[in-house]
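# Coordinate inspection notes
In case you want the letters, here they are:
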Amino acid sequence: MQVTCSSLGALLLLLPMVSCASSPSSPSYIGAVVEYRPVTEGRDGLEVAAQNANHLRTIVKKASESSADIIVFPEVGLSSFPANLTGWSTARIREHYYHMASYLPDSRDQVVLCGSSGNYTQALKSVSCAARAFGIYVVVNHYEKVDCRAEQPNCAGDGFLIYNTNVVFDRQGRLIARYRKYNLFFEPGVNVTAAAEISIFDTDFGVRFGQIICNDILYGEPALELASKHGKDVVFSAEWFSELPFLTSVQAHSAWAYANDVNLLSSGFNEPAITNGGSGIYLGRAGISRATIPNVASNVLIVTEIPKVINGQRQPLSNLTRPKAYAFSQSEVPTVWDNVKDFMYKDDFRTYTTELVDPKQLLHERKLCNRGLCCDFKIDVSFNDNLAKQSGKDYYRYRIGVFNGTRLFAGLFTVGIQVCGLFFCRDDTLASCGDRFSPNSSVINPTVFHKIEIKQIVSDRSEYRKTFYLPMTLTANLMPVDYSKIKYQNYLSEIDGTARKLSLRESESQLMAFAIYGRNLANDGANLTKP
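The rules behind each value
- Per chain, residue numbering runs from 1 following the sequence as it is written.
- In keeping with the model being predicted, local features are shown solely for residues with a pLDDT of at least 70 and side-chain atom pairs are shown and tallied solely at 80 or more, while totals for entire chains, interfaces and linings include all residues.
- As a rule here, side-chain values come from all non-hydrogen atoms in the structure, and water together with hydrogens is ignored.
- Per-residue confidence from the predictor is reported as pLDDT, a score between 0 and 100.
- Pairs of residues are marked as contacts when any of their non-hydrogen atoms sit within 4.5 Å.
- At least two bridges found by DSSP between two strands are what make those strands a pair.
- Numbering of helices and strands starts at the N terminus; helices are DSSP runs of H or I of at least 4 residues and strands are runs of E of at least 2.
- A fitted line through C-alpha atoms serves as each axis, taken over the contacting stretch for helices, and the angle formed by two N-to-C directions is quoted from 0 to 180°.
- Burial classification: accessible surface area is computed with a 1.4 Å probe over protein chains only, and a residue below 20% of its type maximum counts as buried, one above 50% as exposed, and the rest as partly exposed.

### A short note on the confidence of the model for the protein
For the protein, the average pLDDT comes to 90, and 91% of its residues sit at 70 or higher. Segment residues 1–18: pLDDT under 50, and 29 contacts once partners within four positions in sequence are set aside and those in other chains are kept.

Shown next as structure tokens:
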């Protein structure tokens, strides 16, 4: 018999090993996400997946000690691909996928994979067993295979389909939901469904979840439909490639949660050597419960209380001391074999209209335009000249910029972007923008921003429904500006055409970026905007 958390109340603070389940009537539930560095190399894909499944069980067990109701693992956290694919043809990649991937039962049948004789991979059966043993909903990402006839519509020529798929197990180990990623990010050999799937699942603690995977968050389907029509809680598995200054992981994911006012449970694949990493639990407009973006390879479990959203109202938290992060040692989860410092990709500002901010000029009021998009900037700033003159110290400069056009994702396909923002540079040159000082540098902060207001002017109202915008902010520790310091308004004005405004309302000395970052879906696939 399960004991509800509400029946134990404050005793949970004194009994951290007690495992219990939240009830439908409780105002909150306990969620967990994992920053996980998977095993990627082995004799074959099945062996790799089996090793990861063993580590996932260790992590699920640890989450159960904090009474987690649901835990989310990252994209390709179970069936990870070899890091070096040099020389691999698409046919070889698909053959590798086929042997490592798993068939899946129909989620409507609610099959318990644990102990099943069905033709499913042992790794998925092990995860089902872990969910059952520890009584937790488990969201895990795995490659799925579907046999088909080559002459059937949408079937690949080699007679099978491969999907990047999230799988959900309930507390009994039943497979209750599946989501096939729709917006791929340079994933050769992987198929997509004819239309975006809307994948939702209900839980015994009274919360309905939607599912998206990584690059989905920067598209309209299915992410925005989930957020607007199917509840206010979303599970999100990612292998995110961070880019400065507007698309680092925690920054972008928390901004999406804020803009849509949803609870987002975000789990990241950890590999700082290739910019992967960043996990957190984001509470919409209420801010970040707990997040991490390690600059070294690591395995971290985040567990926190999450308020339910009932009738449009986020409920008050009952236990503000609960958020925690647990870093696994090498003996517990032995997947971290290097300690490579992180690096980040960076945006190409040659396509922007920009202007250097003179911090010695206390008040800036500027209008910048780029290819039909205009933005108004008001900046109240101060500068400590004596601090800046200290020998051997480095400090960041800043530019304001506007961009309206297309850019490359993964170096392969174009997407429509609209940006009005302020961003950091190492010196006064445009080429230095988006470059951080080395970890060995002694960085000071003589520039303090007291207030910032960015307005974006809409000239074509017909574009309004084809776009969405996120309040992208960033500080020196790669975390967003505290959401209590900002105000983001998204509206249509019949007077001046202003559709959105982002404001900094309290002083910030660690600022790296402050922007309205938009996706113009109508321009996806258009010709690349050149400098």
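### Overview of the sheet that holds strand β10 (residues 263–268)
With mixed pairing, the 6 strands of this open sheet are ordered in space as β6-β7-β8-β10-β11-β12. Where the open sheet ends on each side, the last strands, each with one partner, are β6 (200–202) and β12 (288–292). When the angles between neighbouring strand axes are averaged without regard to direction, this sheet yields 20°. In this sheet, β10 lies alongside strand β8 (residues 233–238) in parallel orientation, the contact comprising 6 bridges. In the strand pairing of β10, V234 is matched with L264. On top of the sheet, helix α7 (residues 249–260) reaches β7 (208–213), β8, β10, β11 (279–283) and β12; it is set at about 20° to β11, its chief contact.

### A short note on the side chain of T447
Tracing the sequence through the fold places T447 in strand β23 (residues 447–457). For T447, a relative accessible area of 4% corresponds to the buried category. When residues no more than four places from it in sequence are discounted, the contact partners of T447 are P359, V381, S382, F383, Y396, Y398, E508 and S509.

### Some details on the pairing of strand β19 (residues 363–370)
Summarising the sheet, β19 and strand β20 (residues 373–383) pair through 8 bridges and their orientation is antiparallel. Directly across from R366, in β20, lies its bridge partner F377. Between the end of β19 and the start of β20, which pair antiparallel, lie 2 residues, with R371 showing a positive phi angle near 50°.

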